[in-house]
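Architecture at a glance
What follows is the residue order along each chain.
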Amino acid sequence: DIQMTQSPSSVSASVGDRVTITCRASQSISTWLAWYQQKPGKAPDLLIYSSFGLQNGVPSRFSGSGSGTDFTLTISSLQPEDFATYYCQQSKSFPWTFGQGTKVEMK
Amino acid sequence: QVQLVQSGAEVKKPGASVKVSCKASGYTFTGYFIHWVRQAPGQGLEWLGRINPSTGGTSYARHFEDRFTMTRDKSISTSYMELSRLTSDDTAVYYCARNRYDGSGSTSVGCFDIWGQGTMVAVSS
């Protein structure tokens, strides 16, 4: 199985900050990577697909990059509604696997 | 609008089975694979398997192959997942999720664009 490792596990930030979350795959996954946002008690929401594709309706302050084994999710200017947990997910091979999550908390 | 609506919370005893439903609306049910993902309390997300609603074909995570069954009823646009021989480790929120395709609708981009609201399954003696 492909292991997905996110860092950091948590980050403290303020409104307006630039936040970067990284995701590393245990083997090359090309650009078969998605990012999700999850708020407590809710299902995840798709933010980014195919490493850098912005899902319809997602604000442009979210962006994704990377290919192969190293990927990044960037929030250019953190907004109050962005405090949540973020997950990466690979679909290069089955079983599809997720990172362990990164919690973005208020500083 | 496009949505997936799941059945309600379940409480089961160890060794029992549970069946969760996921009703699709607002799109062509047979055009999109449905996946199941679970999340144990305070934990991350775990992919369980997927079903092709058009053919009924399935694939499961190896760890669950002998306990997990996915089915569908095309007449009511509903997918089902059944997990047998439950243990306390199966306590989790179970989500169904729709496979996202590219703009042409023909190529999977390997992620989930619509999620059900989740079904809590608690296993306790």
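Starting afresh in each chain, residues are numbered from 1 along the sequence in its written order. To label them, take the chains in the order written and letter them from A, then take the ligands in the order written and number them from 1. Only residues with pLDDT of 70 or above have their local features reported here, since the model is predicted, and side-chain atom pairs are shown and tallied only from 80 upward, although totals for entire chains, interfaces and linings are computed over all residues. Working from all heavy atoms in the structure, the side-chain values ignore hydrogens and water.

**Let's talk about the overall build of chain A**
Regarding its fold elements, chain A presents zero helices and eleven strands. Helix and strand assignments come from DSSP, with helices taken as H or I runs of at least 4 residues and strands as E runs of at least 2, each series counted from the N terminus. Ordering the α and β elements of chain A from the N terminus gives β-β-β-β-β-β-β-β-β-β-β. With C-alpha atoms as the basis for the radius of gyration, the globule rule is written as 2.2 Å multiplied by the number of residues raised to the power 0.38. Here the C-alpha radius of gyration of chain A, 13 Å, is about what a compact globule of 107 residues would show, namely 13 Å. For chain A, the spread of C-alpha atoms along the principal axes amounts to about 35 × 25 × 25 Å. Expressed as a percentage of its 107 residues, the buried residues of chain A come to 51%. Contact definition: two residues touch when any of their heavy atoms are within 4.5 Å. Long-range contacts, defined as pairs at least 24 residues apart, comprise 56% of the intrachain contacts of chain A with a sequence gap of at least 6. Accessible area is worked out with a 1.4 Å probe on protein chains only. A residue is then buried under 20% of its type maximum, exposed over 50%, and partly exposed in between.

**Re the interface of chain B and chain A**
Taken residue by residue, the interface counts 22 residues in chain B and 19 residues in chain A. Note on definitions: buried area is the accessible-area loss of two parts on being combined, 1.4 Å probe, summed for both. Taken together, the two surfaces of chain B and chain A that pack against each other cover about 1,700 Å², and 62% of this comes from carbon and sulfur. When the buried surface of chain B facing chain A is broken down by residue, L45, W47 and R100 of chain B rank first, second and third, together holding 31% of it. A pairing counts as a salt bridge when a side-chain nitrogen of Lys or Arg comes within 4 Å of a carboxyl oxygen of Asp or Glu. Where chain B packs against chain A, one counts one salt bridge. D1 of chain A is the salt-bridge partner of R62 of chain B, the closest N and O atoms lying 2.6 Å from each other. N or O atoms closer than or at 3.5 Å make up a polar contact, with two conditions inside protein: a donor-capable atom paired with an acceptor-capable one, and, for residues adjacent in sequence, both atoms drawn from side chains. Our enumeration of links across chain B and chain A arrives at nine residue pairs in polar contact (both at pLDDT 80 or more). Of all elements in the fold, only strand 4 (34-39), strand 5 (45-51), strand 9 (92-101) and strand 10 (108-115) of chain B reach the threshold of two or more residues within the side of chain B that touches chain A.

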